[in-house]
Amino acid sequence: MKVFDPVTLGLVLAVLGMGGTLLTLFVLSLIVDLLKRLFPLRRELDSGASTGPRAPAPS
Amino acid sequence: MERALQAGLSGLVAGFSALTISEVIMMAIGCLLLYLAIARGLEPLLLLPIGFGALLVNIPGANLMEPGGVLRVVYDAGVLTELFPILIFIGIGAMTDFGPLLDNPRILLLGAAGQFGIFLTLLIALLLGFPPLQAVSIGVIGAMDGPTAIYVASKYAPELLGAVSVAAYSYMSLVPLIQPPIMRALTTAKEKAVVMPAVRSSASKTTKILFPVVVFIVGSIVAPQGTPLLGTVMLGNLMRESGVVQRLTGMAENELTNIVTLLLGLAIGATMAADKFLTPTTLLVLALGFLAICLDTASGVLFGKLMCAITRGRVNPLIGAAGISAFPMAARVVQVEGQRYNRRNYLLMHAMGANTGGQIGSIMAAAIMLSVIAGLGIG
């Protein structure tokens, strides 16, 4: 097991952890956008294939 | 005859004579967990078996956690192998509807911000002198995700499993009490009253089917150490969204999750033996776990404020508090708080999106941490 001082280890984990999580989820959000463009809801609605639930509208 | 009676009687009173104060205290803690589960309805599915497991393991002379004991068998088979949390993740994936998240994918960022408390707590735990792997396990309490916390603790710090699990599930059930004061303190009256437009369903069935596959592939390549976590939750979700294996989906949602939850709860309770649980370290773990959850909430709300500023007031910062994994309690808290300041405000679906984002975020954060630890050569 390698030995790091606590501050260095903590900062490395915090920076890489927070940065990595944020960056990964940002990339995933871009991919979801892309998927929605490639497979839009309307096309499937036209062909009667979609089962997407509707969110309740505020009254 | 008299000697035989004495010998037989000694077998009956052996339990009383061997009972220690520590075991009595642990039994009281077990009863407290049972009370919270039954009378208060706090996470009863887990706190009840955990509480009873704590009673079982602290009966003197029963030796249920000794080699060959029934609790030891369950613990070795399901917790030591990390099997139980992994199986539960299949059920969670099968139960989760990522629809609100797919309708507004940017909300995923709140699911990332809601995990910052993990890393800040980890840093504090290291500064307090905890060994790195124990500090990681303590930080993960902030994921507000029971199976993730159990998975990491059983992998890296099994000696803290009882404290970490009890902290994770207890604080998760206390979200409606912990979060509101932080949300109120960090937002202005104007921000709390921001009205967000209704969420319209915009994700096609194809998108919903591809989503778990893409998240799994991308997430696992970024953080391979988290593949078991991400893989099983996304497998469960793929089963749900594909609609072609309804029997398996139903089984994962019900029978599998129920059986594993019972065994997992008992196994966690079994780690609460008096000599291992009643230590100053346990108190410190509970305190740091609380801090982690407060920091998660604060970072989520602050990131919500940032999104509010960037979008020129189109995002209500309160939904940032839902960027944790405690589903759906955190989303409900946001809805209640939003309505408190603006009766026309319906934040529930936005908060549900952030909450499911928090579920992915917590797994991703743990996966990234495990991979960084492996990269540093300390895992």
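The rules we used
- Think of each chain on its own: its residues are numbered from 1, step by step along the sequence as written.
- Chains and ligands are labelled by the order in which they are written, letters from A for the one and numbers from 1 for the other.
- It should be noted that, the model being predicted, local features are given only for residues of pLDDT at least 70 and side-chain atom pairs only at 80 or more, the latter also being counted only at that level, while totals for whole chains, interfaces and linings use all residues.
- Put simply, DSSP H or I for four residues or longer makes a helix, DSSP E for two residues or longer makes a strand, and each gets a number counted from the N terminus.
- Only C-alpha atoms enter the radius of gyration, while the globule expectation follows 2.2 Å times N to the 0.38, with N the number of residues.
- Three exposure classes are used, based on other C-beta atoms lying within 10 Å of a residue's own C-beta, which is placed from the backbone: buried for 20 or more, exposed for 12 or fewer, and partly exposed in between.
- Here the axes come from fitting lines to C-alpha atoms, over the contacting stretch only for helices, and the angles between their N-to-C directions go from 0 to 180 degrees.
- Crossing handedness follows the turn of the near helix against the far one: under a right angle anticlockwise gives a left-handed crossing, and clockwise gives a right-handed one.
- Throughout, a pair of residues is in contact if the C-beta atoms placed from their backbones lie within 7 Å.
- Residues are grouped as follows: nonpolar covers Ala, Val, Leu, Ile, Met, Phe, Trp, Tyr, Cys and Pro; charged covers Asp, Glu, Lys and Arg; every other residue, Gly included, is treated as polar.
- Each nonpolar core consists of buried Ala, Val, Leu, Ile, Met, Phe, Trp, Tyr and Cys residues. Their C-beta atoms, within 7 Å, join them into a set.
- Given the number of residues in a helix, its expected span is that number minus one, multiplied by 1.5 Å.
- Directions drawn from the helix axis to the C-beta atoms are what define this arc.

(A) How the structure looks around the overall build of chain B. Scanning chain B for helices and strands turns up 20 helices and 0 strands. Taken over C-alpha atoms, the radius of gyration comes to 22 Å for chain B, in line with the 21 Å a tight globule of 379 residues would show. Its C-alpha atoms give chain B principal-axis dimensions of about 90 × 45 × 45 Å. The burial tally for chain B puts 56% of its 379 residues in the buried class.

(B) Region of interest: the packing of helix H11 (residues 161–173) of chain B against helix H18 (residues 280–310) of chain B. Residues and elements named next belong to chain B. Between H11 and H18, the least distance of the axes is 9 Å, while the angle of their chain directions is 35 degrees. In this structure, H11 meets H18 at a crossing whose hand is right-handed. For the pair H11 and H18, the contacting residues are Ala163, Val164, Ala167, Ala168 and Tyr171 in the first and Thr282, Val285, Leu286, Gly289, Phe290 and Ile293 in the second. Taken together, the residues of the contact of H11 with H18 break down into 9 nonpolar, 2 polar and no charged.

(C) Spatial organisation of the nonpolar core. Residues and elements named next belong to chain B. Ranked by internal contacts, the top residues of the largest apolar core, which has 142 residues, are Leu71, Leu122, Val164, Ala267, Val334 and Ala366. Broken down by element, this core gets its largest block of residues, 16 residues, from helix H20 (residues 348–376). If sequence neighbours within four positions are ignored, Leu71 has contacts with Gly53, Leu56, Val57, Leu64, Met65, Leu266, Ala267 and Ala270.

(D) Just the packing of helix H8 (residues 116–127) of chain B against helix H9 (residues 132–139) of chain B, in detail. Residue and element names in this part refer to chain B. Their axes nearest at 8 Å, the elements H8 and H9 cross at an angle of 145 degrees. In the packing of H8 onto H9, the handedness of the crossing is right-handed. For the pair formed by H8 and H9, the contact residues are Ile118, Phe119, Thr121, Leu122, Ala125 and Leu126 on the first element and Pro132, Ala135, Val136, Ile138 and Gly139 on the second. Class assignment for the residues of the contact of H8 with H9 results in 9 nonpolar, 2 polar and no charged.

(E) Quick look at the environment of Asp103 of chain B. Residues and elements named next belong to chain B. Position of Asp103 among the secondary structure elements: in helix H6 (residues 99–103). Owing to 22 C-beta atoms within 10 Å, Asp103 belongs among the buried residues under this scheme. Taking the C-alpha atoms as reference points, Asp103 and Gly353, 250 residues apart in sequence, are found 8.0 Å from one another.

(F) Focus on the interface of chain B and chain A. Residue-level contacts link 47 residues of chain B with 39 residues of chain A. Secondary-structure elements contributing two or more residues to the side of chain B that touches chain A are H6, helix H7 (108–113), H8, helix H14 (205–222) and H20 of chain B. In terms of residue count, H14 of chain B provides more of the side of chain B that touches chain A than any other element does, 10 residues in total. Its residues assigned to classes, the side of chain B that touches chain A comprises 33 nonpolar, 11 polar and 3 charged.

(G) How the structure looks around helix H2 (residues 21–38) of chain B. Residue and element names in this part refer to chain B. Taking 1.5 Å per residue, 18 residues should reach 26 Å; H2 reaches 25 Å between its end C-alpha atoms and fits that length. Three or more residues of H2 are buried, namely Met26, Gly30, Leu33, Leu36 and Ala37. Viewed end-on, H2 has its buried residues packed into an arc of 120 degrees, placing them on one side of the element. Facing away from the buried surface of H2 by more than 90 degrees, the exposed residues are Ile21 and Val24.

(H) A look at the environment of Thr297 of chain B. All names here are of chain B. Counting through the fold element by element, Thr297 comes out in helix H18. Along the backbone, Thr297 and Gly114 are 183 residues apart, and their C-alpha atoms lie at a distance of 6.3 Å. When near neighbours in sequence (up to four residues on either side) are disregarded, Thr297 contacts Gln179, Ile182, Met183 and Ala321.

(I) A look at helix H10 (residues 146–156) of chain B. Residues and elements named next belong to chain B. Taking burial as the measure, the 11 residues of H10 include 11 buried ones, the bulk of the element. Buried within H10 we find Gly146, Pro147, Thr148, Ala149, Ile150, Tyr151, Val152, Ala153, Ser154, Lys155 and Tyr156. Where H10 is buried, its residues contact helix H3 (44–57), helix H5 (83–95), H9, H11, helix H15 (227–242) and H20.

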